[in-house]
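Each chain, letter by letter, is given below.
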Amino acid sequence: MTRPLIRALAAAAVLAAGPAGAQDRPSEEELFGNPQPPAPEQRPAEAAPPAGKPPAPDEARRGEEAPVPKGTDRAREAEMFGGTGSPNAAPPPAEGVVSRAGAQEDPLKVGGQIYLRATSTWQQDVPPSDWILTSPNLLDVFLDVRPNERVRGFVLGRLSYDPTLVPGERTPGQALTTVPGVSATPLQNPRGVLDQLWLNFDPGRRVFVTAGRQHVKWGVGKFWNPTDYLHPVRRDPLAVFDVRVGTTMVKLHVPWEKRGWNFYGIAMFEDLAGELEPVDRLGRVAAGGRAELVLGPAELGLDAMTQSGHRPRFGVDLSAGIWELDVHAEAALRTGIDGSHWAPGPPTPTDLLGYVRADPQGFTPQLTLGGSWSRNYSDEDAVTLGAEYFFNDAGYSDSSIYPFLLAGAPLIDPTAPTGQQLSLRDPTAFRPFYMGRHYAGAFVYLPRPGSWNDTFLTLSVLGNLSDRSFIARLDHAVLALTYLRVETFVAGHFGHRGGEFRLAFEVPPGAEAFLPIDPRLGRAPILDLGVALRVSL
């Protein structure tokens, strides 16, 4: 009875790994109007800083971008949206007339984007008429105010809307549907969120302060970024842009210009692990810092974070050029993990499934190793190839536990009152792209191949080597009518049936008594398809 019940619960939760899960939050590149995809050295895992617009906080560690050639689309975008460099360093004044007092006569810029999308999944033995369909559309609007060259304020709000949902319904990529005895928060549709809200200024021109909700990225990983401690939620490495909202903190940046070094101090007003416990007293404020040291042709990063209720976490990363290769390494050095870790145990009368919590207590490292290589194949065209390996000491070696984790680590107690037999102990127990112990990924990036000067192609392949499941995705983007970007993708699932990237479970008859299960949910995914239209405002 136990295993069929696990499969029944997991079938409903398989939707949490749906194809549209990575398609929500745009990168700063798309936000600020540059229709071009990320630079080769940062694709596919992290969007490059936008042309003619400051990148997200901490994404411009190596200095400002090169000057934008006049007369190009990039130059026009720069004229529309302002200067270059990090918004958390001393930003240049916005485009416009500057008064003698140094104030901008037109200090406020308003912009954003409209992003319309549709995705579908072909599942094994499911007719096309029953393929899952989602349409997670977005509207982003920002206000960027620069009253002078030393003060800047920025706010970005997002409105999301999916016409395939009705109010109170959950998208197949989100979580379990409502279960008797388990409360579920209704999904607002449309739904508004605050992505960024920060102020930047430079007391004495020596310390650069950014206070408020912002994005700060640590580490150098492309697909896997284990030292990204300032985002409680892990990034989807196949996402076109980062879907996560910012984190509320105060960041101090002290540059050492003579050596090219940078030092950062962080006071974070949210839980490091993304838990719901509020940071409502001084003792709960997370504190940490980062040092970025240029050592010849290499750059070394050292960081640490600590917070009451969590074990301290440390990180180190290194990037360097070796011959024609750009190599990078990143290690998260800590004990224990965020969230929970489970292991099979004996069933009991009050826990039919029998899984017990077994959180690691000792040293639990995570390590990323990778590199990329670029080569011109004509006077104007280049190709970039990259690969990365990820070791996750907190992962699982056996995929048989996935149904239990997908179901939210449920506790089934048949002795409880009717309607209260099932409870979820950890709805976030299944963490995509961080489930196994060993991963590998590779990508090929082709910007503007041949005569296709407005076309960009990226082929990415990821594999969970622990459960031998894989996903390959081809992204295509073309710039039309100067500002309209048309994006399409196709992704294939292959390898071990039941693995992370090819989830499949048998749903026994009668499972609907526990969950309102759609029979399609137990089918293995074969192909994901998607199309999107994007216009910057």
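Residues numbered from 1 in each chain as written. Predicted model: local features only at pLDDT ≥ 70, side-chain atom pairs only at ≥ 80, totals over all residues. Heavy atoms only, no water.

A. Inspection of the overall build of the chain at higher detail. Along the backbone of the chain there are 4 helices and 23 strands. Across the chain, the fraction of contacts at a sequence separation of at least 24, relative to all contacts at a separation of at least 6, is 64%. (Helix = DSSP H or I, 4+ residues; strand = E, 2+ residues; numbered from the N terminus. Contact = heavy atoms within 4.5 Å.)

B. Region of the structure containing the environment of leucine 537. Looking at the element boundaries, leucine 537 is found in the segment after strand S23 (525-536). Its relative accessible area of 40% is what places leucine 537 among the partly exposed residues. Sequence separation between leucine 537 and glycine 112 is 425 residues, and the spatial gap between their C-alpha atoms is 4.9 Å. (Buried < 20%, exposed > 50% of the residue type's maximum accessible area, 1.4 Å probe, protein only.)

C. Structural detail: the nonpolar core. Grouped together as the largest cluster of nonpolar side chains are 32 residues, with contacts concentrated most on Trp224, Trp342, Ile401, Phe404 and Leu405. The set of elements that each furnish at least two residues to this core consists of helix H4 (402-406), strand S19 (438-447), strand S20 (455-464) and strand S22 (484-495). Considering each element in turn, this core owes the most residues, 4 residues, to H4. Setting aside chain neighbours within four positions, we find tryptophan 342 in contact with Tyr355, Val356, Arg357, Ala358, Tyr396, Ile401, Phe404, Leu405, Ala409, Arg425 and Ala429. In this structure, Val216, Tyr229, Met305 and Ala332 belong to the second largest nonpolar core, which totals 11 residues. (Core = buried A, V, L, I, M, F, W, Y, C linked by side-chain atoms within 4.5 Å.)

D. Structural context of the pattern of salt bridges. Taken as a whole and assessed by the stated rule, the structure comprises 22 salt bridges. For aspartate 202, the salt bridge is made with arginine 150, and the minimal N-O distance between the two is 2.9 Å. Here the residue aspartate 202 occupies a position in the loop between strand S5 (191-201) and strand S6 (208-214), and arginine 150 occupies one in the loop between strand S3 (137-148) and strand S4 (151-161), the gap between them amounting to 52 residues. Taking the relative accessible area as the measure of exposure, aspartate 202 reaches 6% and is therefore buried. Residue classification places arginine 150 among the partly exposed residues on the basis of a relative accessible area of 27%. Here glutamate 487 makes a salt bridge to arginine 534, at a shortest N to O gap of 2.6 Å. Of this pair, glutamate 487 sits in strand S22 while arginine 534 sits in strand S23, and the two are 47 residues apart along the sequence. Take glutamate 487 and arginine 534: they sit in the same class, and that class is buried. Three or more residues joined by partner-sharing salt bridges are found here, namely Arg290, Glu292, Asp303 and Asp317. (Salt bridge = Lys/Arg side-chain N within 4 Å of Asp/Glu carboxyl O.)

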